[in-house]
Amino acid sequence: NFVEDEKAKELKRYKLSEGDIVFARRGAQACGCSALVKKDDNAQIAGTGLIYIKVLEPEKINPYFLFLAVSNEQSLLWLKAHAIGATMPNLNGGILKSLPLLVPIYEQQLFIVAQHRPLASKILLNRQTNQTLEQIAQALFKSWFVDFEPTRAKIAAKQAGQDPERAAMAAISGKVVAELEQLGEAQLAQLKTTAVLFPDGLIESELGEVP
């Protein structure tokens, strides 16, 4: 959600800064879940559904370490258990201030942060990669088994007096036939092996035309 500049000025006391830790205030599932405000989030304003911690002395408490401490499973369970209300749990400042935390000396905080940051970045990258691969798989499935693009390419090529196999190879690779020569021998061989598997005709069925 966005607000106009004038409204943002009125709400400037709720503007979030890098290192702030925001919590979901309400909801059986969301209550107590938290997020660390990053450098690129400098235009965010905490709405009424959020409550947040601002680290006033980052030279004593590292914000990233504090985020790790308040977002771990033990802290989350404590916050949910102490939230007010059974059907719609709600957090307030008093509950947050009462959250028991074990805070090591500053040097140990920095060591923990240095170990955790690369792992967290790697996990995020892996999740993004998996999401991309899943999208590719879904697109392939739709192309091959819903829209029957390789089969339709074969049919169109046969009707035009062209090579159906090459047309299917182009459809599978997302290229035009002329671009296939730019591919390596191994990739061409793999495309050819896959293209052979697709039929070159459609028949009527209860679901419509299918290979």
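Look above for the structure.
Throughout what follows, the structure given in this document is the object of discussion. From a predicted model like this one, the values you see are computed outputs, not experimental measurements.

1. A few points about the pairing of strand 1 (residues 21–24)
Taking every second residue as pointing to the same face, both faces of strand 1 are buried, with Ile-21 and Phe-23 on one and Val-22 and Ala-24 on the other. With three bridges connecting them, strand 1 and strand 2 (residues 34–36) associate as antiparallel partners. Looking at the pairing, Val-22 lines up with Ala-35 of strand 2. Inspection of the sheet shows strand 1 paired to strand 3 (residues 50–53) by four bridges, in the antiparallel sense. Bridged to Phe-23 within strand 3 is Ile-51.

2. What about the nonpolar core?
Formed by 20 residues in total, the largest nonpolar core has its most connected members in Ile-21, Phe-23, Val-70, Leu-79 and Leu-91. Going through the elements one at a time, strand 1, helix 2 (63–71) and helix 4 (93–98) are the ones with two or more residues in this core. Top element by residues in this core is helix 2. It accounts for seven residues. When near neighbours in sequence (up to four residues on either side) are disregarded, Phe-23 contacts Gly-32, Cys-33, Ser-34, Gly-49, Leu-50, Ile-51, Ile-53, Val-70, Leu-79, Leu-91 and Leu-96. Counting ten residues, the second-largest nonpolar core is a separate cluster that includes Met-169, Ile-172, Leu-191 and Ala-195.

3. Details of the sheet that holds strand 3
What links the strands of a sheet is backbone hydrogen bonding, and the strands pair in either a parallel or an antiparallel sense. Pairing within the open sheet is antiparallel, and its three strands lie in the order 2-1-3. Each edge of the open sheet carries a strand with a single partner, namely strand 2 and strand 3. For this sheet, the mean inter-axis angle between neighbouring strands, taken without regard to orientation, is 25°. Across the sheet, helix 2 is in contact with strand 1, strand 2 and strand 3; its angle to strand 2 comes to roughly 165°.

4. Overview of the side chain of Thr-151
With respect to the secondary-structure elements, Thr-151 resides in helix 6 (residues 149–159). Dropping the residues within four chain positions of it, Thr-151 is found in contact with Phe-198, Pro-199, Gly-201, Leu-202 and Pro-211.

Cut-off values and rules
Residues numbered from 1 in each chain as written. Predicted model: local features only at pLDDT ≥ 70, side-chain atom pairs only at ≥ 80, totals over all residues. Heavy atoms only, no water. Buried < 20%, exposed > 50% of the residue type's maximum accessible area, 1.4 Å probe, protein only. Helix = DSSP H or I, 4+ residues; strand = E, 2+ residues; numbered from the N terminus. Pairing = 2+ DSSP bridges. Core = buried A, V, L, I, M, F, W, Y, C linked by side-chain atoms within 4.5 Å. Contact = heavy atoms within 4.5 Å. Axes fitted to C-alpha atoms, helices over the stretch in contact; angles between N-to-C directions.

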